[in-house]
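Geometric and topological summary
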Amino acid sequence: IGGNAALWFVDRHVGEGRGDGIAFREAFGDNREISYGDLAEQSARFAGACHRAGLRREERAIMLVLDQIEFPVIFWGALKAGIVPIPLNTLLSTSVYDAIFHDSRASALFVSSELYETIAPALPLNPFIREVIVIGDSAPEGARTFNAFMEGAEPAEPVTVCDDEVAFWLYSSGSTGQPKGVRHVHSSLKATADTYGAQVLGVRQDDTVYSVAKLFFAYGLGNGMTFPMAVGATTLLYNGRPTPDSVSQILTEHRPTVFCGVPTLYAALVHKWESEGAHPDAPLRTCISAGEALPEEVGRKWQAIWGVDIMDGVGSTEMLHIFLSNRPGDVVYGTSGVPVPGYEVRLVDEAGADVGVGEVGELLVRGASSADGYWNQRDKSRSTFEGHWTRTGDKYELTPDGRYVYCGRTDDMFKVSGIWVSPFEVEQALVSHPAVLEAAVVAKRDDDGLEKPKAFLVLKSGQAGDPDALKAFVQDKIGKWKYPRWVEIVDDLPKTATGKIQRFKLRETA
Ligand code: 3SK
């Protein structure tokens, strides 16, 4: 089936006899559940409620919604109505929301009651938003509750679309700030489910999936929504912060079979279970990681604990999901693996020429899920989407056995004594030290104005980091000139919501 993605991801299950299967279960509160049949019905009524409220096709609707059952109802219901949902990161500040509300010119805003206070100051300043719908028991003046919005609405038939019609947007903050609206088309959702979802993750109908990456993030949207929904599986939703404690509890109580994490959390979980000498009991059969490269050490320790590898991969908001990944039964820690079936990659130098094995180049990717472009940012669209190829801004090296090794962001690399240093390589060396939990390395100028590595470290609890010992450790591991000349111990590292270290912020304080 082409056309409206909601037909394939939602309604198809009812037609094929899977309507009673549980699509989503909340791993909090009263553990509310929604079946595929109820999701089909409620999303159709949501579409009817949008029409009744005067929301027209192609208008945008902001979703500032926690991972809770209303999320899929709104997302798929909007697609059915032809309205373009824009799920937003739920951790941004009022001023960033204000900028996005203006940039997108969204006509409607769906907001979880817990987040209302943050956006409230932006509402009187906004001339575009006509409907504010609060997911909660009550709504302030000028807004309606979600239940009131839905009450009495008639189900609407999904609008007919072509494969190339824009279905939804995501705002990409990148690793350097300025959010950009990334426009994705209906067919991209199925393209990622058919490629990474089916052929790498290999999710099955009997799986229970838990993604610590939230649904507003492209990685979480695939893991927790489109991949399980492609096969009629069940997803666990958690509306709180994924900490080592909350994740351990979900693993114990809800027993997922597929776990989708990010490196920081994998590292913190391994550390917690090592120091407690025990780990939860869960029937995990597949684990994946993305967001930033997974430290080798963390992957090996996870494998030793669970007997299951973590398949590390790399994706982007622009490509919607992972396009380079380790594969089941073929995991090499410290690499991002090989191209996902359906995607091609190239490594190019600054002049755009392909580089050879063992040389570092910028990663370009092509595949069916690439975005339609950025909203109202022609220059950035032209420099990122070059015909069928999308520039990732990541530096990679190809090994003789055909695997891709991450070397850092294009703008994070620097030279020491004329030789390129990848901050990522120094960070990998640092996190393999037993006292170090997390590391970030940036360039800092010495008294002679020459760039040298500086490390910011988060230590494991109860550990003291001796800077000289750490420097010597790195020298022994990766080479004399790459060691950090300065070591600063910090409580945590600045990160994007998707777990990418914001080195630009550290550069400012270095
Ligand atoms: O950062 C990543 O690796 C990623 C993976 C999947 C989807 C989106 C992103 C940004």
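Scoring rules and cut-offs
- Note on numbering: residues in each chain are counted from 1, in written sequence order.
- Two thresholds apply to this predicted model, a pLDDT of at least 70 for residue-level local features and 80 or more for giving and counting side-chain atom pairs, whereas whole-chain, interface and lining totals are computed over all residues.
- With hydrogens and water stripped out, all remaining heavy atoms of the structure feed into the side-chain values.
- When DSSP finds two or more bridges between a pair of strands, those strands are recorded as paired.
- Secondary structure elements are taken from DSSP: a helix is a run of H or I of four residues or more, a strand is a run of E of two residues or more, and numbering for both begins at the N terminus.
- Note on geometry: axes are lines fitted to C-alpha atoms, helical ones only across the stretch in contact, with angles between N-to-C directions running from 0 to 180 degrees.
- The contact definition used throughout considers only heavy atoms, calling two residues in contact when any of these lie within 4.5 Å.
- Any residue with a heavy atom positioned within 4 Å of a molecule or strand is treated as near that molecule or strand.
- Polar contacts, as counted here, are pairs of nitrogen or oxygen atoms within 3.5 Å of one another; within protein the pair requires one atom able to donate a hydrogen and one able to accept it, and residues that are adjacent in sequence qualify only if both atoms are side-chain atoms.
- Method for areas: the Shrake-Rupley scheme with a 1.4 Å probe, in which residue coverage is limited to the protein chains shown.
- When residue character is reported, Ala, Val, Leu, Ile, Met, Phe, Trp, Tyr, Cys and Pro are called nonpolar, Asp, Glu, Lys and Arg charged, and the others, Gly included, polar.
- Aromatic rings from Phe, Tyr and Trp, with only the six-membered ring used for Trp, were paired whenever their centres fell within 6.5 Å, and each pair was classed as stacked if the ring planes differed by under 30 degrees, edge-to-face if by over 60, and tilted otherwise.
- Only protein chains enter the accessibility calculation, which uses a 1.4 Å probe; a residue whose area is less than 20% of its type maximum is buried, one above 50% is exposed, and one in between is partly exposed.
- Geometrically, a charge over a ring is one whose NZ (Lys) or CZ (Arg) sits within 6 Å of the ring centre while staying within 35 degrees of the ring normal.

What to know about the sheet that holds strand S25 (residues 436-445)
- A sheet is described by the order of its strands in space; here three strands give the open sequence S25-S26-S27, paired in mixed fashion. Edge positions in the open sheet fall to S25 and strand S27 (486-489), since each of these has one partner strand only. Neighbour to neighbour, the strand axes of the sheet diverge by 25 degrees on average, direction disregarded.
- Pairing geometry for strand S26 (residues 451-459) and S27, over four bridges, is parallel. Among the inter-strand pairings, alanine 455 is bridged to a residue of S27, identified as valine 487.
- Taken strand by strand, helix H13 (residues 423-431) contacts S25 and S26, and its axis lies near 145 degrees from that of S25.

So, unusual backbone geometry
- Positive phi outside glycine occurs at leucine 320, with the angle close to 75 degrees.
- Along the chain, the position of leucine 320 falls in the loop between strand S14 (310-315) and strand S15 (322-325).
- Positive phi, close to 55 degrees, is recorded for asparagine 376, a residue that is not glycine.

Describing the site of the ligand
- Among the 13 residues in the neighbourhood of the ligand, the closest are listed as Phe217, Tyr219, Gly291, Gly315 and Lys500.
- Contact between the ligand and glycine 315: an oxygen atom at 3.0 Å from a main-chain N or O atom of the residue.
- For the ligand, an oxygen atom lies 2.6 Å from a polar atom in the side chain of lysine 500.
- The fraction of the free accessible surface of the ligand (280 Å²) that becomes covered by protein chains is 97%.
- Only helix H8 (218-231) and S14 provide two or more residues apiece to the shell around the ligand.
- Per-class residue counts for the shell around the ligand are seven nonpolar, five polar and one charged.

Some words on the packing of aromatic side chains
- Following the criterion strictly, the structure yields 24 aromatic pairs and no others.
- When the ring of tyrosine 210 is compared with that of phenylalanine 259, the centres are 5.9 Å apart and the planes differ by 50 degrees; the resulting orientation is tilted. Taken as a pair, tyrosine 210 in strand S10 (residues 208-211) and phenylalanine 259 in strand S12 (residues 258-261) lie far apart in primary sequence, 49 residues in all. Comparing tyrosine 210 with phenylalanine 259 shows no difference in burial state: the two are buried.
- The rings of Tyr210, Phe259, Tyr266, Trp273, Trp302 and Trp306 are connected pair by pair, giving a single aromatic cluster.
- One cation-aromatic arrangement involves lysine 444 over tryptophan 486; the distance from NZ or CZ to the ring centre is 5.3 Å.
- Positioned above the aromatic ring of tyrosine 483, the side-chain terminus of arginine 485 is 4.2 Å from the ring centre.

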